[in-house]
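Structural overview for review
So you can see what is in the structure, the chains are spelled out below.
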Amino acid sequence: QVQLVESGGGLVQAGGSLRLSCVASGRTFSSNAMGWFRQAPGKGREVVATISWSGGSAYYADSVEGRFTISRDNAKNTVYLQMNSLKPEDTAVYYCAAASRRDYTTRLDLYNYWGQGTQVTVSS
C-alpha cells in the first residue's frame, strides 16, 4: 500500500519556523516530481512548492518565495518543506503529493498520491 505521511506541523508564532517532512512508503518516488500544497479553511487547495525528481529545479508560489524551501532526499524517499518567517496567513493544512511525471508541475490533477495532511497554525 502506497502511503505519504506528513509530519512537523504545529503551532508557531509569527516570524517563527517549521520544517515539514513527508515520508513515502510502499514504492519509491525517486523518479517523480513531488509537491507541497495547502488548504486554509473555506479556501481551495493551492500549490506551495514543487520539486523535480532530481531536486534540480523547483517552483514556489509568490506568497512563499524567499521564505520557504523545498528539498528532497531520494535515498530516504522523503521530501521536506522548510518554512521560515511564518505569517498568520500561512495557517492551513499542508499536504504533500507525488506527481505522475518527473518535472515539477503546479497542476493538481497530475498529482496522484496524496498524504493526509498536517496542520500548521501561525499565531500573530
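Refer to the preceding data block for the structure.
Structure report, in brief.

1. What to know about empty space enclosed by the protein
- Inspection of every chain in the model, using the stated rule, returns one cavity of 30 Å³ or more.
- Lining the largest cavity are Cys22, Ala24, Phe29, Met34, Arg72, Asp73, Asn74, Asn77, Thr78 and Val79.
- Elements with a contribution of two residues or more to the lining of the largest cavity: strand 3 (18-25), strand 7 (68-73) and strand 8 (78-83).
- Considering only residue class, the lining of the largest cavity consists of five nonpolar, three polar and two charged.

2. Some remarks on the nonpolar core
- Among the nonpolar cores identified, the biggest contains 27 residues, and Trp36, Leu81, Met83 and Tyr94 are the most heavily contacted of them.
- Secondary structure elements with two or more residues in this core: strand 3, strand 4 (34-39), strand 5 (46-51), strand 7, strand 8, strand 9 (92-99) and strand 11 (118-123).
- When sequence neighbours within four positions are dropped, the list of residues in contact with Tyr94 reads Glu6, Leu20, Trp36, Phe37, Arg38, Val48, Phe68, Leu81, Met83, Gly117, Thr118 and Val120.

3. Here's the deal with unusual backbone geometry
- The phi angle at Asn77 is positive, at roughly 55°, despite the residue not being glycine.
- One non-glycine residue with positive phi stands out, namely Ser85, at about 50°.
- If you trace the backbone, Ser85 turns up in the loop between strand 8 and strand 9.
- Residue Ser85 is classed as partly exposed on the basis of its relative accessible area of 41%.

4. Topic: the pairing of strand 9
- Of all eight residues that make up strand 9, seven are buried, and the element is covered over most of its length.
- As defined by bridge partners, strand 4 adjoins strand 9 across six bridges and the pair is classed as antiparallel. Counted as the bridge partner of Met34 is Ala98 from strand 9.
- In this sheet, strand 11 lies alongside strand 9 in antiparallel orientation, the contact comprising three bridges. Looking at strand 11, one finds that Ala92 is bridged to Val120.
- Across three bridges, strand 9 lies against strand 10 (residues 111-114) in antiparallel orientation.

Calculation notes
- Residues numbered from 1 in each chain as written.
- Predicted model: local features only at pLDDT ≥ 70, side-chain atom pairs only at ≥ 80, totals over all residues.
- Heavy atoms only, no water.
- 1 Å grid on protein atoms, 1.4 Å probe; cavity = no way out; pocket = protein on both sides within 12 Å on 5 of 7 lines; lining within 4 Å.
- Points joined across faces, edges and corners; volume = space filled by probe spheres on them.
- Helix = DSSP H or I, 4+ residues; strand = E, 2+ residues; numbered from the N terminus.
- Nonpolar A, V, L, I, M, F, W, Y, C, P; charged D, E, K, R; others polar.
- Core = buried A, V, L, I, M, F, W, Y, C linked by side-chain atoms within 4.5 Å.
- Buried < 20%, exposed > 50% of the residue type's maximum accessible area, 1.4 Å probe, protein only.
- Contact = heavy atoms within 4.5 Å.
- Pairing = 2+ DSSP bridges.

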